[in-house]
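Notes for the structure review
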Amino acid sequence: MIWLLPLVHLVLASGASGLNVELSSHQDQSHSRRAHTEIIYLEARDEAEKERKALPATVLTSAVSDLGDLRRIWDFYTPDYNCPFLKERVGRLGDGGKWVCGLRYLLQTRPCLVYSLGSAGDASFEEQLLSRTPCDVHTFDPNLSAETQAQMQASLPDLNYHAVGLGRSSGPFKSLSDRGMHSFEEVMAALGHAWVDVLKVDIEGHEWDLFLDFYDNPDARLPVTQLLVEFHWPGSADKVWKVLDVLLADKYRIFSVEPNYYCDDAHVQCLLYTDISLAP
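Values in this document were obtained by computation on a predicted structure and should not be read as measured data. (Residues numbered from 1 in each chain as written. Predicted model: local features only at pLDDT ≥ 70, side-chain atom pairs only at ≥ 80, totals over all residues. Heavy atoms only, no water.)

Side note on the layout of surface pockets
Let me state the cut-off plainly: Computed over the protein atoms alone on a 1 Å grid, cavities are sets of points where a 1.4 Å probe fits but cannot get out and pockets are open sets with protein on both sides within 12 Å along at least five of seven lines; a residue lines them when it has an atom within 4 Å of a point. Grid points are joined across faces, edges and corners, and a volume is the space filled by probe spheres set on the points. Gly falls in the polar group here, along with every residue not listed as nonpolar (Ala, Val, Leu, Ile, Met, Phe, Trp, Tyr, Cys, Pro) or charged (Asp, Glu, Lys, Arg).
Considered as a void within the structure, the second largest pocket measures approximately 420 Å³ in volume. Partitioned by chemical class, the residues of the lining of the second largest pocket number nine nonpolar, seven polar and eight charged.

Given below as structure tokens:
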């Protein structure tokens, strides 16, 4: 029977080689589909840009009061990508919960890190992440009362709570014990983090300053895999165009949009956007 061993080794080697070829072929097909999808996306954006140039100047730059004009702005930022993995709801229904793409996949690729900006005392998003994943979850909210903060930390002892806000820095950075506003870069550096897997942002209108401050450097690239952002109407159109355009330029692609019906004029004033990064 010893003479069979070389044959067995040959068969096993051949099988392994075939498996490697199959995996390589699958990866090539996946990359090809992604490249083709990006081509279709860019063609659609070119058409959208032509339509945008035809809009009245007031829609592009100033405060918009006409409901139709408001809706036309959001029309330029609709879901144009599919989540390539399972899309899951994390947190409660309605205000507070968010859609997440490929949470299980994220856990397999690197230690999972989540930043949650703003909570208003609703920790259902953080609670489900902590119960369903081994993610390191950090919540940032400078506006919680001492009582609410104590209750949150008692019910979720594994949650990392920071009583600071992220946005446009309000002054020289001192420490995370300072309740002022700090930039995204300052907070990440203070915590020793280089990359965030999921960034949830629900900070009642301050999201515009958060992104405008970060992208003030034209070479900046947001170190985040997935964005879950509730955008509140900022009062004028220029911030909307500027922020959403720069996110698209930074290779973020929208795969989910939903209105928050708990906001005033929810269809135009308060929209939940979920984006996934295609940047390498």
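Looking at the nonpolar core
Defined as follows: The definition of a nonpolar core used throughout is a set of buried Ala, Val, Leu, Ile, Met, Phe, Trp, Tyr and Cys residues joined through side-chain atoms within 4.5 Å. Throughout this description, buried means an accessible area under 20% of the type-specific maximum (1.4 Å probe, protein chains only), exposed means over 50%, and partly exposed covers the range between. Secondary structure follows DSSP: runs of H or I at least 4 residues long count as helices, runs of E at least 2 residues long count as strands, and numbering of each begins at the N terminus. Contacts are assigned to residue pairs with any non-hydrogen atoms lying within 4.5 Å of each other.
Counting 48 residues, the largest nonpolar core has Tyr 115, Phe 184, Phe 211 and Phe 231 as the members making the most contacts within it. At seven residues, the largest contribution of residues to this core is made by helix H9 (residues 237-249). Beyond its immediate sequence surroundings of up to four residues, Phe 184 is in contact with Tyr 115, Leu 166, Val 196, Leu 199, Leu 210, Phe 214, Leu 222, Pro 223 and Val 224. Formed by 18 residues, the second largest nonpolar core is a distinct cluster that contains Leu 103, Cys 112, Cys 135 and Ala 163.

Thoughts on the pattern of salt bridges
We count it as follows: Put simply, a salt bridge is a Lys or Arg side-chain nitrogen that is within 4 Å of an Asp or Glu carboxyl oxygen.
For the structure shown, the criterion picks out eight salt bridges. A salt bridge links Lys 98 to Asp 202; the nearest nitrogen and oxygen atoms lie 3.9 Å apart. Here Asp 202 lies in the loop between strand S8 (196-201) and helix H8 (207-214) and Lys 98 lies in strand S2 (residues 98-101), a separation of 104 residues in the sequence. The salt bridge partner of Asp 250 is Arg 221, with a shortest N-O separation of 3.5 Å.

Considerations on the environment of Ala 44
Looking at the element boundaries, Ala 44 is found in helix H1 (residues 4-53). Ala 44 gets classed as partly exposed once you look at its relative accessible area, which sits at 45%. Put simply, Ala 44 and Asp 80 are 36 residues apart on the chain and 8.9 Å apart in space, counted from C-alpha to C-alpha.

Observations regarding unusual backbone geometry
The phi angle at Glu 204 is positive, at roughly 55°, despite the residue not being glycine. In this structure Glu 204 comes out as exposed when scored by relative accessible area, which is 57%. Residue Lys 251 is not a glycine yet carries a positive backbone phi of 70°. With respect to the helices, strands and loops of the structure, Lys 251 is situated in the loop between H9 and strand S10 (252-259).

Topic: the sheet that holds strand S11 (residues 270-277)
Heads up, the rule is: For two strands to be treated as a pair, DSSP must find no fewer than two bridges joining them. Axis geometry follows a simple rule: fit a line to the C-alpha atoms, using only the stretch in contact for helices, then measure angles between N-to-C directions, giving values from 0 to 180 degrees.
An order of S5-S4-S3-S8-S9-S11-S10 is seen for the seven strands of this open sheet, with the pairing classed as mixed. At either margin of the open sheet sits one strand with a lone partner, and together these are strand S5 (160-162) and S10. Between one strand axis and the next, the sheet turns by 15° as a mean value, whatever way the strands run. As judged from the seven bridges shared by S10 and S11, these two strands associate in the antiparallel manner. In the strand pairing of S11, Ser 256 is matched with Thr 274.

Some points on the packing of aromatic side chains
The relation between two aromatic rings is expressed through the spacing of the ring centres and the mutual angle of the planes. Selection criterion: In this analysis, rings of Phe, Tyr and Trp, with Trp reduced to its six-membered ring, are considered paired at centre separations within 6.5 Å, and the interplanar angle assigns stacked below 30 degrees, edge-to-face beyond 60, and tilted for intermediate values. A positively charged side chain is recorded as over a ring if its NZ (Lys) or CZ (Arg) lies within 6 Å of the ring centre. The angle to the ring normal must also be within 35 degrees.
Enumeration according to the criterion identifies eleven aromatic pairs in this entry. Ring geometry for Tyr 115 versus Phe 184: centroids 6.0 Å apart, planes at 70°, classification edge-to-face. Separated by 69 residues along the polypeptide, Tyr 115 in strand S3 (residues 113-117) and Phe 184 in helix H7 (residues 184-191) bring together distant segments of the chain. According to the relative accessible area criterion, Phe 184 is buried, its value standing at 3%. Through pairs of rings, three or more aromatic residues link up here, namely Trp 74, Trp 208, Phe 211, Phe 231, Trp 233 and Tyr 273. The ring of Trp 99 carries the charged tip of Lys 87 above its face, separated from the ring centre by 5.1 Å.

Here we look at the pairing of S8
Spelled out, the test is: Here a crossover is taken to be right-handed if, once the strands point away from the viewer, the path from the first strand over the helix to the second is traced clockwise.
Most of S8 sits out of view: six of its six residues are buried. Where S8 and strand S9 (residues 224-232) come together, five bridges link them in parallel fashion. Its bridge partner lying in S9, Leu 199 is registered against Leu 227. In this region the chain leaves S8, passes through H8 and returns to the parallel neighbour S9; the handedness of that crossover is right-handed.

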